[in-house]
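Now for the letters of each chain:
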Amino acid sequence: MELKISRAEALKPLPDESELTFGTVFSDHMFNMDYDQNRGWHNPRIEPYQPIVMDPSTMVLHYGQSIFEGLKAFKTESGAVQLFRPEENFKRFNRSGHKLCMPPIDEAFALEALKELLKIDKRWVPSTLGTSLYIRPTIIAMDPYVGVRASYTYRFFIILSPVGAYYKEGFNPVKIWVTDKYVRAVRGGMGEVKTAGNYAASLYAGEEANRIGYTQVLWLDGVELKYIEEVGSMNIFFVIDDEIITPALSGSILSGITRDTVKQLADKWGKPVSERRISIDELIAAHEAGKLQEMFGSGTAAVISPVGEVMYKDKIMKIGDGKVGKWSQKFFTAITDIQYGVAEDPDGWIMPLE
Ligand SMILES: *Cc1c(COP(=O)(O)O)cnc(C)c1O
């Protein structure tokens, strides 16, 4: 397949790097490719960033047949642009697509197309330490049809958005609320898939958490409301009595690439992560016994997000006296040093742009 390139006639002004937030500004170009049953995936193209015009009956708008990915491009001190484990994102993209009854994409081709897009929009990769260019590949169902079935046509697109440093004044431990009322996903459902519907399912509880002063929701399993699953955009880790623990993948937990990176680093450091079931009762008991040393989330956006406070029913647990734990700090530094080219990359996690 030949990638067609048409460049924007006028380029947008770049945003001020010190004022970048998340997901509000988009670059000059985007990647687009279409699918239908006769031609398969066809017409791959890089073109000016533009709206997608669609019929009001377009299936994605009604039934949420949609998948996405999230990864980042980083600029090193020497000005080189690099990606972190991008093959993993495209593998997961196809796993998600399979669950949503979508045709698979050629992962190697998609990665090459992304690299071409990044070369064209390279000036959009910010250079201040901690900033990056967020990459959002997405596939949506395009049939104009208001009936329930898998679509016969799809659009695959990739857009780019420069994002600010998640931690401008050092780590800020977050406050999370454990809901015993709502569930995000159940075994056999879509929890392990990066699909729009999971986020729709999380909004109501998220607003309730915000109303009582918490920033995120920690989800329990959808059957017994007993075992800890994840935060909804981050996987979760605990350090209890010097054991690093993360919930085992159950089918309803998203298999995070940052989660896997943390596991691999921990192995290398001779401190393997225990992947197992962990109940909210075990967490409370560990806290009461003074053994809950650390808790942190992992995900592409924040890399590592220390948790400073957890609320469950009427119980408030403070963790680590508002200080960042040693493991949270160690994982954060190790991962970001590799991403920004400060440290060696012994495991081949970095893919340079050229
Ligand atoms: C994307 C995502 C994560 C984090 O995955 P990473 O690959 O580490 O960015 C965790 N949970 C959910 C529900 C997600 O969608």
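Residues numbered from 1 in each chain as written. Predicted model: local features only at pLDDT ≥ 70, side-chain atom pairs only at ≥ 80, totals over all residues. Heavy atoms only, no water.

**Q** Pulling in residues and values, what's your account of the overall build of the protein?
**A** Within the protein, the regular secondary structure consists of eight helices and 18 strands. For 354 residues, the compact-globule formula gives about 20 Å, and the C-alpha radius of gyration of the protein, at 21 Å, lands near that figure. A principal-axis box enclosing the C-alpha atoms of the protein has dimensions of 60 × 50 × 35 Å. Counting only residues that meet the buried cut, the protein has 54% of its 354 residues in that class. Put simply, of all contacts in the protein between residues at least 6 apart along the chain, 72% involve residues at least 24 apart. (Helix = DSSP H or I, 4+ residues; strand = E, 2+ residues; numbered from the N terminus. Rg over C-alpha atoms; globule rule 2.2 N^0.38 Å. Buried < 20%, exposed > 50% of the residue type's maximum accessible area, 1.4 Å probe, protein only. Contact = heavy atoms within 4.5 Å.)

**Q** For the domain arrangement of the protein, give the residues involved together with the corresponding values.
**A** The assigned domain composition of the protein is domain 1 (4-163) and domain 2 (174-339). Between domain 1 and domain 2, the C-alpha centre-to-centre distance is 28 Å. Facing the 19 residues of domain 1 at the interface are 20 residues of domain 2. Carbon and sulfur atoms supply 57% of the area that domain 1 and domain 2 bury against each other, a total of about 1,700 Å² over both sides. Three residues stand out in domain 1 for area buried against domain 2, namely Phe68, Phe84 and Arg92, and they jointly supply 34% of the buried area on that side. If you look at where domain 1 meets domain 2, you find two salt bridges. (Domains from an automatic or database assignment. Buried area = accessible area lost by both parts, 1.4 Å probe. Salt bridge = Lys/Arg side-chain N within 4 Å of Asp/Glu carboxyl O.)

**Q** Describe the side chain of aspartate 221, and please don't skip the residues or the numbers.
**A** The topology assignment puts aspartate 221 in the loop between strand S10 (216-220) and strand S11 (228-230). A distance of 3.0 Å separates a polar atom in the side chain of aspartate 221 from the backbone nitrogen of valine 223. Of the polar contacts made by the side chain of aspartate 221, one reaches the backbone nitrogen of lysine 226; its length is 2.8 Å. Not counting residues up to four positions away in its chain, the partners in contact with aspartate 221 are Val183, Lys226, Tyr227 and Glu229. (Polar contact = N/O pair within 3.5 Å; in protein donor to acceptor, adjacent residues only side chain to side chain.)

**Q** How would you summarise the site of the ligand if you had to cite specific residues and measurements?
**A** Looking at the ligand, there are 15 residues lining it, with Lys194, Tyr199, Glu230, Thr258 and Thr300 nearest. At 2.6 Å, a side-chain N or O of threonine 258 approaches an oxygen atom of the ligand. Relative to its unbound accessible area of 380 Å², the ligand is 97% covered by the protein chains. When the residues that make up the shell around the ligand are grouped by side-chain class, the tally is four nonpolar, seven polar and four charged. (Near = heavy atom within 4 Å. Areas by Shrake-Rupley, 256 points an atom, 1.4 Å probe, with all protein chains shown as cover. Nonpolar A, V, L, I, M, F, W, Y, C, P; charged D, E, K, R; others polar.)

**Q** Run through the environment of glycine 320, naming residues and quoting values.
**A** You can see glycine 320 is positioned in the loop between strand S17 (315-318) and helix H8 (326-339). Judged by relative accessible area, which is 29%, glycine 320 ranks as partly exposed. Along the sequence, glycine 320 and proline 306 sit 14 residues apart, while their C-alpha atoms lie 9.7 Å from each other.

**Q** So what's going on with the pairing of strand S9 (residues 174-178)? Residues and values would help.
**A** The buried fraction of S9 amounts to four of the five residues, a majority that puts the element mostly inside the structure. Both S9 and strand S16 (residues 303-312) contribute to a ladder of five bridges, which runs parallel. Note on S16: the bridge partner recorded for tryptophan 177 is methionine 311. Judged from the three bridges that link them, S9 and S10 form a sheet pairing that is parallel. Its bridge partner lying in S10, valine 178 is registered against leucine 218. (Pairing = 2+ DSSP bridges.)

**Q** Would you mind going over the pattern of salt bridges in detail, with residue names and values included?
**A** Tallying each qualifying case throughout the model produces 22 salt bridges. One salt bridge connects lysine 91 with glutamate 88, and the closest N-O pair in it is separated by 3.3 Å. Here lysine 91 pairs with glutamate 88, and both are found in helix H2 (residues 86-99), just three residues apart, close to one helical turn. For lysine 91, a relative accessible area of 38% translates into the label partly exposed. With a closest N to O distance of 3.1 Å, lysine 181 and glutamate 208 form a salt bridge. Here glutamate 208 lies in helix H5 (residues 203-211) and lysine 181 lies in the loop between S9 and helix H4 (196-200), a separation of 27 residues in the sequence. Classification of glutamate 208 as buried rests on a relative accessible area of 15%. A network of salt bridges, in which partner residues are shared, links Asp34, Arg45, Glu47 and Arg155.

**Q** Quick rundown of the nonpolar core? Include the residues and the values.
**A** In terms of nonpolar packing, the biggest core is built from 44 residues, with Phe31, Leu83, Leu114, Leu118, Ile135, Ile139 and Phe156 touching the most fellow members. It is helix H3 (residues 107-120) that provides the largest number of residues to this core, a total of eight residues. When sequence neighbours within four positions are dropped, the list of residues in contact with phenylalanine 156 reads Phe31, Asn32, Met33, Trp41, Phe90, Phe93, Ile105, Ala110, Pro137, Thr138 and Ile139. (Core = buried A, V, L, I, M, F, W, Y, C linked by side-chain atoms within 4.5 Å.)

**Q** Can you lay out the packing of aromatic side chains for me, pointing to particular residues and giving the numbers?
**A** On inspection of all chains with the given rule, the structure shows 17 aromatic pairs. Ring pairing ties together the aromatic residues Phe31, Tyr35, Trp41, Phe90, Phe93, Tyr154 and Phe156, which thus form one cluster. When the ring centre of tyrosine 214 is taken as reference, the NZ or CZ atom of lysine 175 above it lies at 4.9 Å. (Phe/Tyr/Trp six-rings, centres within 6.5 Å; stacked < 30°, edge-to-face > 60°. Lys NZ or Arg CZ within 6 Å of the ring centre and 35° of its normal.)

**Q** Just give me the short version of the packing of helix H6 (residues 257-268) against H8, but keep the residues and values in it.
**A** For the pair H6 and H8, the least separation of the axes is 11 Å and the interaxial angle reads 105°. With respect to H8, the axis of H6 lies roughly perpendicular. Residues Thr258, Thr261, Val262, Leu265 and Ala266 of H6 form the contact with H8, whose participating residues are Phe331, Ala334 and Ile335. Class assignment for the residues of the contact of H6 with H8 results in six nonpolar, two polar and no charged. (Axes fitted to C-alpha atoms, helices over the stretch in contact; angles between N-to-C directions. Parallel < 35°, antiparallel > 145°, perpendicular 65-115°, else oblique.)

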